[in-house]
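# Descriptive analysis of the structure
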Amino acid sequence: MTKVPVEFTLNTREQNEFVETGSTLLSALRDRLGLYGTKAGCHQGTCGACTVIIDGEPHLSCLTLAERCQGKDVTTLEGLAPAGALHPLQQAFMDGFAAQCGFCTPGMILAAKCLLDRNPDPTRDEVVDAISGNICRCTGYEPIIAAILTAAQGMRKPARKRA
Amino acid sequence: MSVTLSAAKQARLVPAVQAKGGRIIAGGTLIVADLNYGADSVALITLDRLGFDKIAVKGGKVTLGAMVTMAAVARDRRLKFLHPVANSIGGPAVRAMATIGGNLFAPAPYGDMTAALLTLDAEITLHDGKATRKLPIETFLAQRRKLQKHCVVSISFAAPSAGTFHYVKVVRRKPVSASVVTIAAVIPQKAGKIKDARIALGAMAANAIRARKAEAALEGRKLGNDIIATAAKLIAAEASPADDAYATAWYRREIAPVHFVRLLAA
Amino acid sequence: MEYRKDYFTGTQTQDLTEVGVTRQRSDVLGHVTGKTQYYADRQFAGLLHLKMVRSPHHHARIKSIDVAKALKVPGVVRILTAKDVPQNIYTILCLIQVEPNDEPVLAFDKVRFKGEQIVAVLAESEAAARDAAAKVKIVYEVLPAVFDVEEALKPGAPLVNEYHGRNYFTYEGHHCRRVRYGDVERAFAKADHVVEEMYQSSPIEHAPTETTGCIVVPDQNDRYTCYSNTQALYFTLDNTALILNSPFQKLRLVGGTVGGGFGGKVDVITEPIAFLAAMLTKRPVKYEYSREEEMQVSSPRAAERIYIKDGLMKDGRITARKVTLYVDAGAYSRHSPYGTTKAAAHMPGPYTIPNVWVDCHCVYTNRTPSSAMRGFGVTIGDFALEVQMDKLARLIGMDPMEFRILNAYRDGDMKAHQKQVEGAALVECVQAAADLARWPLCDRSKTASSLKREV
């Protein structure tokens, strides 16, 4: 196995790593960096459990070669809020019973964050589309959709109240 | 298994690497899934540094670089007619990764964008190591395996007149999943008669195909329920769908006419 | 959600203060911060990866196994076959006296379903284990296979599982689980209508987002810790001890955090072989299903075929119900003998019927062994029963809700299993459902009660 150096930003910090050529970002995060908040469900891009944010867009870390992250900005669930604090999405998922077994939750929250960063006032259909690549098998999508809409509402400034 | 990755510095250098067994990795949504399940050793080559991620729209002619992502298409206001197509491909994460160029090589049941491009009579620009060539998309698809050894640069087509482009992707899990059947159609009309109808099907053969018998049934006729029903009977005449995890070949043949009618009657 | 407390006042205490109230899960902070530790969220130095060589055939005799080439793959540490397993034949429910043992940990003489595990390869990396697994050479003699429950019960059908000697599970000397109550044949003869229908289902995969797996780590003092996503920690502990001839106190299981189970993670498949591998190599071992393995070899909900024959009077009373039900256990018992018993116990549904005859067969075929899944043994039966109820109601032109209220159990009725009904609530459930759906009910149905049968 050949190793190559990769420099990228991980949860706002500079990260320099040697990764095996052909290995995935998912493997780098979990097996090298011990960031287990990113989950492995299918290794083929169908379940969405491994979703991370790269340069502001959701990406499947199981289908992203680690060395292609050179110079990129990567955010995982661990980087969503400072230690001890919670992002409004995390709070809404907790309050609304939107995480039962919890395995799809990291991917769901990150997919939702990408939506809200781009569109702070999404419709229900836009929320459904945002998590359409993330499979949930036990919580059920309804509480998840409700939690994302609740978080969005809370994050919008009072001045931008919805008509 | 050993995998190496390098970034191509010029398109003309890519085919030489491919001749030695190298493979282009675009968005990686198909290749990396293979690697994860134990593919053989391979030299991967990216087109990341070639500036193939540009979208150009000039005088009604659209040129999409091979590395343009589905997300980029879905965000481009000049390409509104293609938004339903781009947004039907995976969830947002797949769309942020999957490319127009990669979609040309996607095996069934994938390749929905290619079905749409087929109805637009798109032209593929590729580099064979010596020179750039232009191929009609249908010719390209017929030689797809061989052309994997060349480097796709861009895809160009004339934007369809307003209201003439139709698209539906039938899936088991809403809003998105792999295709059961995908139907794209351009139905232009002149003096109240259909002229140069083009219909393409995805997931109904190894790659996207034209439904020429259904097209012929529409040609020169006035668009109406009777003629749509007649064309619908022929929609799968040239298809050879497969059984897979999403649907059986039988089911695909059964529902293709139903969705064709709904698409055009709507 | 609404919690209606106005039923059965005076007969039951109304102290369910948590029902209908949203409470945070105790583990939810870990879920939303990514700190919840699933079995695979750990690193161990020297971890070995286990990959299985699986049967490509539905039914075949194993003529020879050659691992020489696989052993030469760089990174391969050890290869396990049936010879390495101390007690190679087991069945999960032997712990509650459901026997005989009928399943090998690693197949040796025969494979009985496609995907059955035969040889375990242990290597330094997943890729090496996968490469080596592909190099294990197994010679098979392919045998005729049977995939249909009724075909499997015909004389001359291929024998799937020799440990049973026939293609069905034997219940206390009987070929199926039976319920006998009254005389159905006499009731059919007197009925205004006799309706016989067949219902069937396909296997259903749980498809948990986290695939089945475990990591076993050697501790000090010859003890071993298994981090598992099993839904059945103690079944796993006890079965593993029996399979490995190991004192129970040598084995420690850590679990309870499961990325989706639905009954699909109760079969004790990955742990015994991972424990054995860790014992023989003295190194941590991870055995994790790929998504493909999860879909192909993990137990689904059983396919069922159900024949229901009913005697029906014009006034809506069901006077007889005869049910012949087949559970497709696949190649091995796992939880299906129990599921079939549940199916028998569930018939004839929540209805008071004076004549009942039930035969529930647990049948072996060359399909993937089926097992537990949310209400197994009951769910498919309910589908069949309730579709049948709609058909009966339609036949005599009766409203389907009224028809159910008329036939529903009342407290004090005698069930086909010779137990008196208590705590019935179906009448009230149908009334509430009708109310919410704005479905008109006649006065007789509106005033009906589970507490007594109206005259």
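About the cut-offs
Numbering of residues begins from 1 in every chain and follows the order in which that chain's sequence is written. Ligands are numbered from 1 and chains lettered from A, in the order in which they are written. pLDDT decides what is reported in this predicted model: residues at 70 or higher carry local features, side-chain atom pairs at 80 or more are listed and counted, and totals for whole chains, interfaces and linings draw on all residues regardless. Secondary structure elements are defined from DSSP: runs of H or I of at least 4 residues count as helices, runs of E of at least 2 residues count as strands, and each element is numbered from the N terminus. C-alpha atoms define the radius of gyration, and 2.2 Å times the number of residues to the power 0.38 defines the globule rule. By definition, residue pairs are in contact when their C-beta atoms, positioned from the backbone, come within 7 Å. Residue ranges for the domains originate in an automatic or database domain assignment. We call Asp, Glu, Lys and Arg charged. Ala, Val, Leu, Ile, Met, Phe, Trp, Tyr, Cys and Pro are nonpolar, and the rest, Gly among them, are polar. Strand pairing is assigned whenever DSSP detects at least two bridges linking the two strands. Think of each axis as a best-fit line through the C-alpha atoms, taken over the contacting stretch in the case of a helix, with angles from 0 to 180 degrees between the N-to-C directions. Put simply, a residue is buried when 20 or more other C-beta atoms lie within 10 Å of its own C-beta and exposed when 12 or fewer do; between those, it is partly exposed, and each C-beta is set from the backbone. pLDDT measures the predictor's confidence residue by residue and takes values from 0 up to 100.

With that settled, the discussion passes to the overall build of chain B. Looking only at helices and strands, chain B features 12 helices and 14 strands. Computed over C-alpha atoms, the radius of gyration of chain B comes to 19 Å, within 12% of the 18 Å expected from 2.2 N^0.38 for 266 residues, which places it in the range of a compact globule. Viewed in the frame of its principal axes, chain B has a C-alpha envelope of about 55 × 45 × 30 Å. In chain B, once contacts between residues fewer than 6 apart in sequence are set aside, the share between residues at least 24 apart is 63%.

The next point concerns the domain arrangement of chain C. Residues and elements named next belong to chain C. According to the domain assignment, chain C contains domain 1 (48-143 + 207-296), domain 2 (144-204 + 300-397) and domain 3 (399-455). Each of domain 1 and domain 2 was reduced to a C-alpha centroid, and the two centroids are 33 Å apart. Facing 19 residues of domain 1, the contacting portion of domain 2 comprises 24 residues. Residues that form the side of domain 1 that touches domain 2 fall into these classes: eight nonpolar, seven polar and four charged.

Residues and elements named next belong to chain C. Overall, mixed pairing links the five strands, which are arranged 9-17-16-15-10 in an open sheet. Unpaired on one side and paired on the other, strand 9 (177-181) and strand 10 (193-200) mark the two borders of the sheet. Neighbour-to-neighbour, the strand axes of this sheet turn through a mean angle of 5°, independent of strand direction. Here nine bridges tie strand 15 (residues 304-312) to strand 16 (residues 318-330), and the two strands are oriented antiparallel to one another. Looking at the pairing, Arg305 lines up with Tyr326 of strand 16.

Another aspect to go through is the environment of Arg42(C). Residues and elements named next belong to chain C. Here Arg42 lies in the loop between helix 1 (28-33) and strand 1 (48-54). For Arg42, a count of 16 C-beta atoms within 10 Å puts it in the partly exposed group. When the C-alpha atoms of Arg42 and Tyr227 are compared, they prove to be 9.2 Å apart, with 185 residues separating the residues in sequence.

Turning our eyes to something else, we now look at the sheet that holds strand 6 (residues 110-111) of chain C. Residues and elements named next belong to chain C. Taken in spatial order, the three strands line up as 6-2-8 in an open sheet, and their pairing is antiparallel. Two strands in the sheet have a free side with no partner beyond their single neighbour: strand 6 and strand 8 (137-142). Here strand 2 (residues 60-66) pairs with strand 6 via two bridges, running antiparallel. Across the sheet, the residue bridging to Arg61 is Lys110, located in strand 6.

Contacts between chain B and chain A engage 21 residues on the former and 26 residues on the latter. Mapped onto the side of chain B that touches chain A, the elements with two or more residues apiece are strand 1 (3-7), helix 2 (31-36) and helix 5 (92-97) of chain B. Of the residues forming the side of chain B that touches chain A, the biggest block, five residues, is contributed by helix 5 of chain B.

Before going further, it helps to spend a moment on the domain arrangement of chain B. Residues and elements named next belong to chain B. Examined at the domain level, chain B breaks down into domain 1 (3-46), domain 2 (55-158) and domain 3 (170-265). For domain 2 versus domain 3, the distance between C-alpha centres works out to 20 Å. Elements with a contribution of two residues or more to the side of domain 2 that touches domain 3: helix 7 (112-119) and helix 8 (137-142). Per-element tally for the side of domain 2 that touches domain 3: the top contributor is helix 7, with six residues. Its residues placed into classes, the side of domain 2 that touches domain 3 shows nine nonpolar, six polar and four charged.

Once that is clear, we can look at the confidence of the model for chain C. Averaged over every residue, the pLDDT of chain C is 96; residues scoring 70 or more account for 100%. Reported confidence for the predicted complex is 0.95 by ipTM and 0.95 by pTM.

A few words on unusual backbone geometry. Here the amide bond leading from Lys174(B) into Pro175(B) is cis, since omega sits at 0°, within 30 degrees of zero. By the element assignment, Pro175(B) lies in the loop between strand 9 (165-170) and strand 10 (181-186). Cis geometry marks the peptide bond from Met347(C) to Pro348(C), where omega comes out at 5°. Looking at the element boundaries, Pro348(C) is found in the loop between helix 9 (336-346) and strand 17 (355-364). Unusually for a residue other than glycine, Asn11(A) sits at a positive phi of about 50°.

Moving on: the environment of Lys322(C). All names here are of chain C. Following the sequence through the fold, Lys322 ends up in strand 16. Note on Lys322: 22 C-beta atoms within 10 Å, which makes it buried. When near neighbours in sequence (up to four residues on either side) are disregarded, Lys322 contacts Val184, Lys309 and Trp357.

Turning our eyes to something else, we now look at the pairing of strand 11 (residues 213-218) of chain C. All names here are of chain C. Where burial is concerned, most of strand 11 is hidden: five out of the six residues are buried. Where strand 11 and strand 14 (residues 285-288) come together, four bridges link them in antiparallel fashion. Bridge pairing in strand 14 links Val216 to Val285. What sits between the antiparallel neighbours strand 11 and strand 12 (residues 224-228) is a turn of five residues, in which Asn221 has the positive phi angle 60°.

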